[in-house]
2 protein chains.
Amino acid sequence: MAGVSQSTVSRSFSPNAKVSEGTRRKVMDASRELGYRPNTITRSLITRSSRTIAVVTYSLENPFYSFMLEKASRFFQAQGYHLLMFFAPPSGDFDAVLDDIIRSQVEGVLMLAITMTQHQTGLVDDFGIPVVIINRTVDYAGISQVGSDNVQGGYWAGRHLASLGHRRIALLGGLPDSSTHQQREAGFLEGLHSMDQTCPAIEIGNYRYDDACQATRRLVGSPTPPDALFAANDLMALAAMEILRHEFALEVPGDVIDPALNLRRSPEVAPASAAPGITQHLVQVHGLVARLRLDQHNGQDRPNGPPSSSR
Amino acid sequence: MAGVSQSTVSRSFSPNAKVSEGTRRKVMDASRELGYRPNTITRSLITRSSRTIAVVTYSLENPFYSFMLEKASRFFQAQGYHLLMFFAPPSGDFDAVLDDIIRSQVEGVLMLAITMTQHQTGLVDDFGIPVVIINRTVDYAGISQVGSDNVQGGYWAGRHLASLGHRRIALLGGLPDSSTHQQREAGFLEGLHSMDQTCPAIEIGNYRYDDACQATRRLVGSPTPPDALFAANDLMALAAMEILRHEFALEVPGDVIDPALNLRRSPEVAPASAAPGITQHLVQVHGLVARLRLDQHNGQDRPNGPPSSSR
DNA sequence: CTGTTAGCGCCTTCAA
DNA sequence: TTGAAGGCGCTAACAG
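Residues numbered from 1 in each chain as written. Chains lettered and ligands numbered in written order. Predicted model: local features only at pLDDT ≥ 70, side-chain atom pairs only at ≥ 80, totals over all residues. Heavy atoms only, no water.

### A closer look at the protein's contact with DNA strand C
Around DNA strand C lies a shell of 25 residues, among which Ser10(A), Arg43(A), Thr8(B), Thr23(B) and Arg48(B) are the nearest. Taking all atoms of DNA strand C within 4 Å of the protein, the share assigned to sugar and phosphate is 57%. In the model, a base oxygen of DNA strand C is placed 3.2 Å from a nitrogen or oxygen of the Ser7(A) side chain. Taken together, the elements giving at least two residues each to the surface near DNA strand C come down to α1 (6-12) and α3 (40-47) of chain A together with α1 (6-12) and α3 (40-47) of chain B. A breakdown of the residues in the surface near DNA strand C according to their chemical character gives 8 nonpolar, 11 polar and 6 charged. (Near = heavy atom within 4 Å. Polar contact = N/O pair within 3.5 Å; in protein donor to acceptor, adjacent residues only side chain to side chain. Helix = DSSP H or I, 4+ residues; strand = E, 2+ residues; numbered from the N terminus. Nonpolar A, V, L, I, M, F, W, Y, C, P; charged D, E, K, R; others polar.)

Shown next, in the form of structure tokens:
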């Protein structure tokens, strides 16, 4: 319809190709009339570039990850890339997913809060597909990882709560096998230790809202409930606050209860010093810090300042 | 290496193709040794099936949508499809995104909380790509839509709050142009009207957490604050509760304050009848109902029961 | 059951 | 600046 060859059509749709303005216009006019659009998928066959990135995750329950997903997606989209979603089965074995990913010719893989074994890394690496592990760390070299300093974060949280005068600071832990949990726990215990304290109770919330609710009930319902709580991520902190506030009628931070009555009292009625009360205080460091960093990153590059203090 | 033709290799990787067991094994052995994997993208060229679905959305800030994204993604993945993410620019003009989508040869489009004009629908339809609009409605025919009965939901919410005895029931509205906002508002006002009431105040939260916080401050800070609040979605309800509880020291539901003092009091100190108090009550219907339905849907089909009552 | 052949829609030489 | 030819890796149709 435009009276030109296939090659010229192809060139007309390539911004950098050399086509005369008149020809390009003719091609575009004809394309509009015919409803023609270049086929991205076929193009990728010859250019060997799918302009596609795989994202692998177990769950988007934690809003932190859908936040990252959106940011990453917009970032890639701005340069003509798109994210292809892969969800790992809860079982934990995602070799089949990796196979799927390799076959799909993606040009990169984002592991969102998923650890890979060295063998799995090698699998993908053999195809020249770069992998970035987000918010998990592995103990072998040769793979890109992005995350926060979880040990420091946990350390600060522990010291912070202890420095406020709390003496029974419990841990609401994440997935036991995850590097984040292990590092935050280690840092936290170290932080307590640095203040000559130990952790009286650890309950596991698996980084899940519902599990964290249960864990909080166990913690607070125990004969010697904690007087402060460190949650290993935002989502569990929200769960804990919800339970503390609305099942145990506590305020976070700062309220005081008489455990014998299990009733909320104003400080004047039952001051902390007058009864074996429980003051609730809850700290969650990692997610908040990472979120701030991401937001800053949206703007422009900035020098590496020292990590911010807790809270 | 396996001593067979290209076709036989191809067939060996097609579960339903007829290949002798021995040949298939030889092919698989050689593939493993060579590190060969079929190229999904090239396959789609000849089969004319990309096994890819586009998801378009403005934002994943509302966890309801990342929830749906995960469910949809797992559903499709189970049958060999994958989701390709497209984020619409905040401006609202996403014709370029639609063009991108068409070129990408997806076999379907999920519009997550995005409305399309009839012209835009036609654009995609001309390529034979089915579109499903999720949680928005359009006023022309020929396009699939999935959502809840927002008018009924709003109606129930309005009546419910009025029947509890509230008399200044404000609305925390969503995106003014969205069908969900308009329908929930219409139903809500109708529900109030059915109880011989009118809405004293409407503030817009744009379905966003931060905007909803601001809107709540305006509502509660006004000279005649509401005694109940209907939020047009979960995310804004969470924002409102956060502000009410922690900036205004109110309990949701059920606390009572003396607006002159703006202090929280226990009912014994300042019973609702003793002063022009504000009893807070907050209802959000839509997201909850939709979420329940989705979860049920995970299990198995069930008969269409009547829509559940509010709360 | 297996091999040969053709072609999916595009891009990239190479010539003109 | 444009056109012709070849090929990306795969599958479908057709023989054998």
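Here the narrative resumes.
### Section: the protein's contact with DNA strand D
Around DNA strand D, 26 residues are found, and the nearest of them are Thr8(A), Thr23(A), Gln6(B), Ser10(B) and Arg43(B). Within the contact set of DNA strand D, a base nitrogen lies 2.8 Å away from a side-chain nitrogen or oxygen of Ser7(A). With 5 residues, α3(B) is the single largest residue contributor to the surface near DNA strand D. In the surface near DNA strand D, the residues fall into 8 nonpolar, 12 polar and 6 charged.

### Here we look at the packing of aromatic side chains
Following the criterion strictly, the structure yields 12 aromatic pairs over all chains and no others. Relative to Phe94(B), the ring of Tyr58(B) lies with its centre 6.5 Å away and its plane at 85°, an arrangement referred to as edge-to-face. Separated by 36 residues along the polypeptide, Tyr58(B) in the loop between β1 (52-57) and α4 (63-77) and Phe94(B) in the loop between β2 (82-87) and α5 (95-103) bring together distant segments of the chain. Note on Tyr58(B): relative accessible area 28%, which makes it partly exposed. Taken together, Phe75(A), Phe76(A) and Tyr81(A) form an aromatic cluster joined through their ring pairs. (Phe/Tyr/Trp six-rings, centres within 6.5 Å; stacked < 30°, edge-to-face > 60°. Buried < 20%, exposed > 50% of the residue type's maximum accessible area, 1.4 Å probe, protein only.)

### Comments concerning the relation of the copies chain B and chain A
Mapping chain B onto chain A leaves a residual RMSD of 0.1 Å; the transformation is a rotation of 180° accompanied by 0.0 Å of translation along its axis. The operation mapping one copy onto its partner corresponds to a two-fold rotation axis. Ranked by how close their C-alpha atoms come to the rotation axis, the residues of chain B are headed by Leu84(B), at 2.3 Å. The residues that chain B uses at the interface reappear at the interface of chain A in 100% of cases, marking a shared surface. (Least-squares fit on C-alpha atoms with pLDDT ≥ 70 in both. Contact = heavy atoms within 4.5 Å.)

### Considerations on the nonpolar core
Grouped together as the largest cluster of nonpolar side chains are 44 residues, with contacts concentrated most on Val109(A), Met116(A), Val109(B) and Met116(B). Not counting residues within four places of it along the chain, the set of residues in contact with Val109(B) comprises Ile53(B), Ala54(B), Val56(B), Ile101(B), Val124(B), Ile129(B), Pro130(B), Val131(B) and Val132(B). Phe76(A), Leu112(A), Ile134(A) and Met85(B) belong to the second-largest nonpolar core, a separate cluster that totals 34 residues. (Core = buried A, V, L, I, M, F, W, Y, C linked by side-chain atoms within 4.5 Å.)

### So, the interface of chain B and chain A
Taken together, the contacts link 45 residues of chain B with 45 residues of chain A. Both faces considered, chain B and chain A share a buried interface measuring about 3800 Å² in area, 50% of it formed by carbon and sulfur atoms. Our enumeration of links across chain B and chain A arrives at 2 salt bridges. One salt bridge in this structure joins Arg37(A) and Asp99(B), with 2.4 Å as the shortest N-O distance. Our count for the chain B to chain A interface comes out at 18 residue pairs in polar contact (both at pLDDT 80 or more). Put simply, the parts of the chain that give the side of chain B that touches chain A at least two residues each are α3, α4, β2, α5 and α10 (234-246) of chain B. Along the lines of polarity and charge, the residues of the side of chain B that touches chain A split into 19 nonpolar, 15 polar and 11 charged. (Buried area = accessible area lost by both parts, 1.4 Å probe. Salt bridge = Lys/Arg side-chain N within 4 Å of Asp/Glu carboxyl O.)

### Comments concerning the domain arrangement of chain A
Residue and element names in this part refer to chain A. The domain architecture assigned to chain A consists of domain 1 (6-38), domain 2 (47-146) and domain 3 (150-265). Distance between the C-alpha centres of domain 2 and domain 3: 32 Å. Facing 6 residues of domain 2, the contacting portion of domain 3 comprises 11 residues. Across the domain 2 to domain 3 interface the summed buried area is about 660 Å²; carbon plus sulfur atoms make up 39%. Taken as a group, Glu 61, Asn 62 and Arg 136 account for 64% of the area that domain 2 buries against domain 3, more than any other trio of residues on that side. Across the contact surface, domain 2 and domain 3 share 1 salt bridge. (Domains from an automatic or database assignment.)

### Quick word on the environment of Glu190(B)
Residue and element names in this part refer to chain B. Residue placement: Glu 190 occurs in helix α8 (residues 179-194). Overall, Glu 190 belongs to the partly exposed group, its relative accessible area being 43%. Measuring from C-alpha to C-alpha, the distance between Glu 190 and Leu 244 comes to 26 Å, with 54 residues separating the pair along the chain. Beyond its immediate chain neighbours, meaning those up to four positions away, Glu 190 contacts Val 151 and Tyr 155.

### Topic: the side chain of Thr52(A)
Here Thr52(A) lies in strand β1 (residues 52-57). Apart from the residues lying within four places of it in its own chain, the contact partners of Thr52(A) are Tyr81(A), His82(A), Leu84(A), Val106(A), Glu107(A), Gly108(A) and Leu84(B).

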